[in-house]
Amino acid sequence: MKKITQQLVVLILTTLINTQLFAQSTANESLDLVISSTEVIQESTDNASAAVRTITIAYIFGQQPNTSGFLATINRELSIVEEYSDEMNQYAYFAERLSENDLDTSDVRDAASQIEGIGDYVEINARSLATAIEADDQIEATRLIRVLNRYLQNIQRYAEEARDNAEELKAIPASFKVRIELVDYAGNPVSADTLPGYVATNTETNEFFYAGENQGDPIDVFLNLSEGTYRFDAYDGYFDGASSKVVTLSSDLVNTDGEIVVTLNYWSE
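As a starting point, this report considers the structure included with it. (Residues numbered from 1 in each chain as written. Predicted model: local features only at pLDDT ≥ 70, side-chain atom pairs only at ≥ 80, totals over all residues. Heavy atoms only, no water.)

**Description of the overall build of the protein chain**
Part 1 of the reasoning: Summing up its helical and strand segments, the protein chain has five helices and nine strands in all.
Part 2 of the reasoning: Listed N to C, the secondary structure of the protein chain is α-α-α-α-α-β-β-β-β-β-β-β-β-β in terms of helices and strands.
Part 3 of the reasoning: Out of the 269 residues belonging to the protein chain, those deemed buried represent 38%.
Part 4 of the reasoning: Once local pairs closer than 6 in sequence are excluded, the contacts in the protein chain between residues at least 24 apart make up 67%.
Part 5 of the reasoning: Counting only carbon and sulfur atoms, one obtains 49% of the accessible surface of the protein chain, whose full area is about 15600 Å². (Helix = DSSP H or I, 4+ residues; strand = E, 2+ residues; numbered from the N terminus. Buried < 20%, exposed > 50% of the residue type's maximum accessible area, 1.4 Å probe, protein only. Contact = heavy atoms within 4.5 Å. Areas by Shrake-Rupley, 256 points an atom, 1.4 Å probe, with all protein chains shown as cover.)

**So, the sheet that holds strand S6 (residues 228-234)**
Part 1 of the reasoning: The antiparallel open sheet is built from four strands, whose spatial order is S4-S3-S6-S8. This sheet does not close on itself; its edge strands, each paired only once, are strand S4 (208-210) and strand S8 (245-249). Averaged over neighbouring strand pairs, the angle between their axes works out to 30° when direction is ignored.
Part 2 of the reasoning: Bridging between S6 and S8 involves five bridges; their strand directions are antiparallel. Bridge pairing in S8 places Phe232 opposite Lys245. (Pairing = 2+ DSSP bridges. Axes fitted to C-alpha atoms, helices over the stretch in contact; angles between N-to-C directions.)

**So, the pattern of salt bridges**
If the charged atoms of two oppositely charged side chains come close together, the side chains can form a pair.
Part 1 of the reasoning: Scanning all chains against the criterion turns up eleven salt bridges.
Part 2 of the reasoning: Here Glu123 makes a salt bridge to Arg127, at a shortest N to O gap of 3.4 Å. Of this pair, Glu123 and Arg127 both sit in helix H4 (residues 106-134), four residues apart, roughly one helical turn.
Part 3 of the reasoning: A salt bridge links Lys177 to Glu259; the shortest N-O distance between them is 3.8 Å. Of this pair, Lys177 sits in strand S1 (residues 175-183) while Glu259 sits in the loop between S8 and strand S9 (260-268), and the two are 82 residues apart along the sequence.
Part 4 of the reasoning: With relative accessibility at 7%, the residue Glu259 sits in the buried group.
Part 5 of the reasoning: What you see here is one network of salt bridges that share partners, running through Glu39, Arg163 and Glu167. (Salt bridge = Lys/Arg side-chain N within 4 Å of Asp/Glu carboxyl O.)

**Quick word on H4**
Part 1 of the reasoning: The terminal C-alpha atoms of H4 lie 42 Å apart, and with 29 residues this matches the ideal 42 Å at 1.5 Å per residue to within 8%.
Part 2 of the reasoning: Backbone geometry just downstream of H4 places Asp136 in the positive-phi region, at approximately 55°. (Expected span 1.5 Å × (residues − 1).)

**Here's the deal with the pairing of strand S3 (residues 198-202)**
Side-chain positions along a regular strand alternate between the two faces of the sheet.
Part 1 of the reasoning: By the criterion of burial, S3 is predominantly enclosed, with five of the five residues buried.
Part 2 of the reasoning: Here S3 shows a buried face lined by Tyr198, Ala200 and Asn202 and a second buried face lined by Val199 and Thr201.
Part 3 of the reasoning: Bridge count for S3 against S4 is three bridges, and the pairing is antiparallel. Its bridge partner lying in S4, Val199 is registered against Tyr210.
Part 4 of the reasoning: Counting the residues that bridge the hairpin from S3 to S4 gives five residues, and of these Asn206 lies at a positive phi of roughly 60°.

**With respect to helix H2 (residues 27-60)**
Part 1 of the reasoning: Its 34 residues place the ends of H2 49 Å apart at the C-alpha level, agreeing with the 50 Å of an ideal helix rising 1.5 Å per residue.
Part 2 of the reasoning: Gly62 occupies a position one or two residues after H2 and carries a positive phi of about 70°.

**Remarks on the environment of Phe70**
Part 1 of the reasoning: Along the chain, the position of Phe70 falls in helix H3 (residues 67-98).
Part 2 of the reasoning: Here Phe70 falls in the buried class, since its relative accessible area comes to 4%.
Part 3 of the reasoning: Those residues in contact with Phe70, other than ones at most four positions away along the chain, are Ala51, Val52, Ile55, Ala126, Leu129 and Leu148.

**Things to note about the packing of aromatic side chains**
Part 1 of the reasoning: On inspection of all chains with the given rule, the structure shows six aromatic pairs.
Part 2 of the reasoning: Ring centres of Tyr230 and Phe232 lie 6.2 Å apart, and the angle between their planes is 40°; on these two criteria the pair is classed as tilted. Assigned by exposure class, Tyr230 and Phe232 land together as buried.
Part 3 of the reasoning: A network of ring pairs unites the aromatic residues Phe209, Phe222, Tyr230 and Phe232 as a single cluster.
Part 4 of the reasoning: We note Arg157 situated over the ring of Tyr158; from NZ or CZ to the ring centre the distance is 4.6 Å. (Phe/Tyr/Trp six-rings, centres within 6.5 Å; stacked < 30°, edge-to-face > 60°. Lys NZ or Arg CZ within 6 Å of the ring centre and 35° of its normal.)

**Looking at a nonpolar patch on the surface**
Part 1 of the reasoning: Residues Ile57, Ile60 and Phe61 make up a contiguous nonpolar surface patch of roughly 360 Å² in combined accessible area.
Part 2 of the reasoning: Secondary-structure assignment places Ile60 in helix H2. (Patch = residues over 30% accessible without salt bridge, like charges linked within 9 Å, V, L, I, M, F, W, Y side chains within 5 Å.)

**Re the packing of H3 against H4**
Part 1 of the reasoning: The interhelical angle for the contact between H3 and H4, taken along N-to-C directions, is 170°, at an axis separation of 8 Å. By the angle between their directions, the pair H3 and H4 is classed as roughly antiparallel.
Part 2 of the reasoning: A class-by-class count of the residues in the contact of H3 with H4 yields 17 nonpolar, six polar and eight charged. (Parallel < 35°, antiparallel > 145°, perpendicular 65-115°, else oblique. Nonpolar A, V, L, I, M, F, W, Y, C, P; charged D, E, K, R; others polar.)

Next comes the structure, spelled out in structure tokens:
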């Protein structure tokens, strides 16, 4: 019972910490953590490959292979690979949740799963190699060395593919949902439907974007504005209108509802 309680406390603390980290992160920061995780995995895989080379050379040249040291190195490096493949998966999930672009990180998460699965095979075959060497079974030892090298190369390949995919996802320009809010001279809210419509002009390209341009869309919402600086304007009514506002869209402006609110001052004659 005590052990179960301790495990529950650890689970709760881990969840709270991860939630706090999640709230303080951005999608690109999470993707950076995916990339750094792949680098750790590649480094540990290099170390494991070096251990295979060392015991292979010792065995070929009739030295006394240190099988226990070999297995200790393999197990240590595989534990790191497993830990950081879990990190890859977690931060890929965070990036997907935090992104304004509906990022698809499934390729990264699939690579993490493949890496973890291959790691299990490396561990099994490393033990078998140690046994074959201790039994001086040259044919089996040679086969297992090839198998281990192939598995370790596959881990490297999946880590590299995950890294490249994360870099590609980082390069996708962010897009934002922007909602127009009207307030009168006293700061009181005014219904956005009071005015005929709203337009956003990209100040660099002079391209126009219209709120509610698709039938059924809210009149005051721009659904997919890319990163950049925009001037937001309202169409004038018969005897009323609103001020303009220039805003540079960024993740820092996104509220808890997943949108950026741009407030325009309403006026009427």
